[in-house]
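Fold and contact review
For reference, the chains in residue letters:
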Amino acid sequence: MYRTTVGFVCVMLALVAASVASAEVYRWVDKNGKVNYSDNPPPDANIEQRKLNDNKMGADKLSFETRRAMETFPVTLYTNPDCKEFCDKARALLAARKVPYSENSVVTQDQIDALLKLTGNKEPRVPVLTVGRKTIDGLEPNSWNAALDSAGYPK
């Protein structure tokens, strides 16, 4: 009798959790400027509807290994508008491995100074790749692939 009750309760909790995970959530700003969230639509129009499990990055379509590597060792590519050939090759390398990355275009003096601090160089040079805390200055496919491999990104 006790096992049946516990089993029934577990099944019911699982069903409730599944229904909450796919629930619709409404967000709106009222006339006083207060942001409201609710599972019911607001009394007036102009609403933004989202699902609780909404993933704008598409991470749900990535493999488990890629998601784990992405969380632990995020990848950033530093480029600038004048870098055509090498930056395109850098993007192609990351695309061939299907590595999700963010790209920072280094244009302003503050951005250049930050890049110099990151790389330890006296002159700015792009592309630069960061994999977690590891920084690789310049397009060096062997070094880039080794860093991506050790971070756990699939080949």
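To be clear, the structure that these remarks concern was listed above.
Residues numbered from 1 in each chain as written. Predicted model: local features only at pLDDT ≥ 70, side-chain atom pairs only at ≥ 80, totals over all residues. Heavy atoms only, no water.

Of the regular secondary structure elements, the chain holds 5 helices and 7 strands. The linear arrangement of helices and strands in the chain, starting from the amino end, is α-β-β-β-α-β-α-β-α-β-β-α. In the chain, which comprises 155 residues, the proportion classed as buried is 26%. Counted over contacts in the chain with a minimum sequence separation of 6, partners at least 24 positions apart contribute 53%. Just so you have it, the chain exposes about 11,100 Å², and 55% of that area is on carbon and sulfur atoms. (Helix = DSSP H or I, 4+ residues; strand = E, 2+ residues; numbered from the N terminus. Buried < 20%, exposed > 50% of the residue type's maximum accessible area, 1.4 Å probe, protein only. Contact = heavy atoms within 4.5 Å. Areas by Shrake-Rupley, 256 points an atom, 1.4 Å probe, with all protein chains shown as cover.)

A word on the state of the cysteines. Every disulfide links exactly two cysteines, by a covalent bond between their sulfur atoms. By the definition in use, this model includes 1 disulfide. Here C83 engages in a disulfide with C87; their sulfurs sit 1.9 Å apart. Between C83 and C87, the S-S torsion sits near 110°, and that sign places the bridge as right-handed. Owing to a relative accessible area of 11%, C83 belongs among the buried residues under this scheme. (Disulfide = S-S within 2.5 Å.)

Examined against the element boundaries, S102 turns out to sit in strand β5 (residues 102–105). Placed 26 residues apart in sequence, S102 and T76 show a C-alpha to C-alpha distance of 4.8 Å. Ignoring any residue separated from it by four or fewer positions in sequence, one finds S102 in contact with V75, T76 and L77. Polar side-chain contacts of S102 include one of 3.3 Å to the side chain of T76. (Polar contact = N/O pair within 3.5 Å; in protein donor to acceptor, adjacent residues only side chain to side chain.)

Scope: geometric values only; no functional claims are made or implied.
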